Amino acid sequence: MRQILFREALREAMTEEMRRDPRVFLMGEEVAEYNGAYKVSQGLLDEFGYGRVIDTPIAELGFAGIGVGAAMNGLRPIIEFMTFNFSLVAIDQIINGAAKILSMSGGQYSCPIVFRGPTGSAGQLGAQHSQNFENWFANTPGLKVVVPSNPYDAKGLLKTAIRDEDPVIFMESEVMYGDKGEVPEGDYTIPFGKANVVQTGTDVTIVTFGKMLSRVVMPAVVELAKKGVSVEVIDLRTVKPIDYQTVLASVKKTNRCVVVEEAWPLAAISSEITYHVQRHAFDYLDAPVVRVNNKDVSLPYAATLIDVILPNIKQTIDAVETVLYRK
């Protein structure tokens, strides 16, 4: 095992898969000459050349469409969005193209494509660059949606995504590209739909995914431990498919549940988790499920307002104390 950066784990996954399968190629803005906006693709152009590491104009609709067509014709594209906020320009290609072609062609065409890039807030980037669309894409039949929380998962899940026969939305976080974590050398994959029990506990279950795990949940867990609260932490890893069984097994043990998600509250992934817990573990609950989400507003530029709007450590601690009837 080695300590490597999140961006390096992603780079290793793409490099190893491009070496393994000549059908895999990378396309997006600044992925070649500039080595990637966040240096995820650094060195790939030198090894694989312009035919497989392709710089594009600022035209998401165009290069997403090229990727969908390439996938339908036997290639395995990785399409990088500089941020998933820009995927809205290409959303017709993703929703009405990639996600539907298998069913609309009666199984004649598959679309093995990966759309990847940053999601969520990354500081003071303003309302148009700070959004979470995981639930949007997860609500579309035909798409799989992956949100890794650490370098180990990033590499294993991206390799799985590149090998998958279906279109995969692979959502990262700009603030995590510099995070370090243990990653083994060589080939490994992580299956979709299998959550990770990050920490076992007895008093309450916290369900989360993506950067909320390291930035909010685990710091809150440390503080809660000082108060004698034993928390079980579940990292979903993928939000389409969702590993409901692991969540339900945990809640049946702890009898309480908090869901932490960086997204607007209406029709969120946390809403879905909450529904399944009350539907399938109602008799085990000792308190209503509590969610911690963004406030239902666009994210402003002001840092003081960002702190209020995004999920934070205090809100998570308060939510746990609420389900424990301490507040």
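Up top is the structure.
Cut-offs used in this document
- Residues numbered from 1 in each chain as written.
- Predicted model: local features only at pLDDT ≥ 70, side-chain atom pairs only at ≥ 80, totals over all residues.
- Heavy atoms only, no water.
- Axes fitted to C-alpha atoms, helices over the stretch in contact; angles between N-to-C directions.
- Helix = DSSP H or I, 4+ residues; strand = E, 2+ residues; numbered from the N terminus.
- Parallel < 35°, antiparallel > 145°, perpendicular 65-115°, else oblique.
- Left-handed = near helix turned anticlockwise from the far one by under 90°.
- Contact = heavy atoms within 4.5 Å.
- Nonpolar A, V, L, I, M, F, W, Y, C, P; charged D, E, K, R; others polar.
- Pairing = 2+ DSSP bridges.
- Buried < 20%, exposed > 50% of the residue type's maximum accessible area, 1.4 Å probe, protein only.
- Phe/Tyr/Trp six-rings, centres within 6.5 Å; stacked < 30°, edge-to-face > 60°.
- Lys NZ or Arg CZ within 6 Å of the ring centre and 35° of its normal.
- Expected span 1.5 Å × (residues − 1).
- Polar contact = N/O pair within 3.5 Å; in protein donor to acceptor, adjacent residues only side chain to side chain.

## Considerations on the packing of helix α8 (residues 212-226) against helix α12 (residues 313-323)
Argument step 1. In contact at an axis separation of 8 Å, α8 and α12 are set at 55 degrees when each is read in the N-to-C sense. With respect to their mutual orientation, α8 and α12 come out oblique. The handedness of the crossing between α8 and α12 is right-handed. Counted together, Arg 215, Val 216, Pro 219, Ala 220, Glu 223 and Leu 224 of α8 and Ile 313, Thr 316, Ile 317 and Val 320 of α12 form the full contact between these two elements.
Argument step 2. Counted by class, the contact of α8 with α12 contains seven nonpolar, one polar and two charged residues.

## A closer look at the sheet that holds strand β9 (residues 196-199)
Argument step 1. Pairing within the open sheet is mixed, and its five strands lie in the order β9-β11-β10-β13-β14. The open sheet has two free edges, formed respectively by β9 and β14 (290-292), since each of these has just one partner strand. Between one strand and the next, the sheet's axes are offset by a mean angle of 25 degrees, whatever the strand orientation.
Argument step 2. Here five bridges tie strand β10 (residues 204-208) to strand β11 (residues 231-235), and the two strands are oriented parallel to one another. Pairing of Val 204 across the sheet is with Val 231, part of β11.
Argument step 3. Against the sheet, α8 touches β9, β10, β11 and β13 (257-260), its axis set at about 170 degrees to β11.

## Overview of the environment of Asp 296
Argument step 1. Relative to the assigned elements, Asp 296 resides in the loop between β14 and α11 (303-309).
Argument step 2. Looking at Asp 296, the relative accessible area reads 59%, which means it is exposed.
Argument step 3. Remark: the alpha-carbon pair of Asp 296 and Ile 242, spanning 54 residues in sequence, is separated by 24 Å.
Argument step 4. Discounting residues that sit within four places of it in the chain, Asp 296 has contacts with Trp 264 and Pro 265.

## Remarks on the packing of aromatic side chains
Argument step 1. Here the structure, examined in full by the defined rule, presents eight aromatic pairs.
Argument step 2. With a centroid separation of 5.6 Å and 65 degrees between ring planes, the pair formed by Phe 81 and Phe 84 is classed as edge-to-face. There is no split in this pair, since Phe 81 and Phe 84 are both buried.
Argument step 3. Counting every residue linked through ring pairs, the aromatic cluster contains Phe 63, Phe 81, Phe 84, Phe 115 and Phe 137.
Argument step 4. For the cation-ring pair, Lys 39 lies above Tyr 34, with the distance from its terminal atom to the ring centre recorded as 3.6 Å.

## Details of the sheet that holds strand β6 (residues 144-146)
Argument step 1. Strand order in this open sheet of seven strands is β3-β2-β4-β5-β7-β6-β12, and the pairing throughout is mixed. Looking at which strands have only one partner, the edges of the open sheet turn out to be β3 (53-55) and β12 (238-240). Going across the sheet, the axis of each strand differs from the next one's by a mean of 20 degrees, ignoring polarity.
Argument step 2. Of the pairings in the sheet, the one linking β6 to β12 comprises two bridges and is antiparallel in character. Across the sheet, residue Val 146 finds its bridge partner in β12, namely Thr 238.
Argument step 3. Packed on one face of the sheet, helix α1 (residues 6-20) meets β2 (24-28), β3, β4 (76-80), β5 (114-118) and β7 (168-172) and runs near 135 degrees to β2.
Argument step 4. Against the sheet, helix α7 (residues 151-163) engages β2, β4, β5, β6, β7 and β12, with an angle of about 160 degrees to β7.

## A look at α7
Argument step 1. Across its 13 residues, α7 extends 19 Å between first and last C-alpha, which sits within 8% of the 18 Å expected from 1.5 Å per residue.
Argument step 2. Counting buried positions over the 13 residues of α7 gives 11, a clear majority of the element.
Argument step 3. Taken residue by residue, α7 has Pro 151, Asp 153, Ala 154, Lys 155, Gly 156, Leu 157, Leu 158, Lys 159, Thr 160, Ala 161 and Ile 162 as its buried positions.
Argument step 4. The backbone nitrogen of Tyr 152 lies 3.1 Å from a side-chain oxygen of the residue at the head of α7, namely Asn 150.

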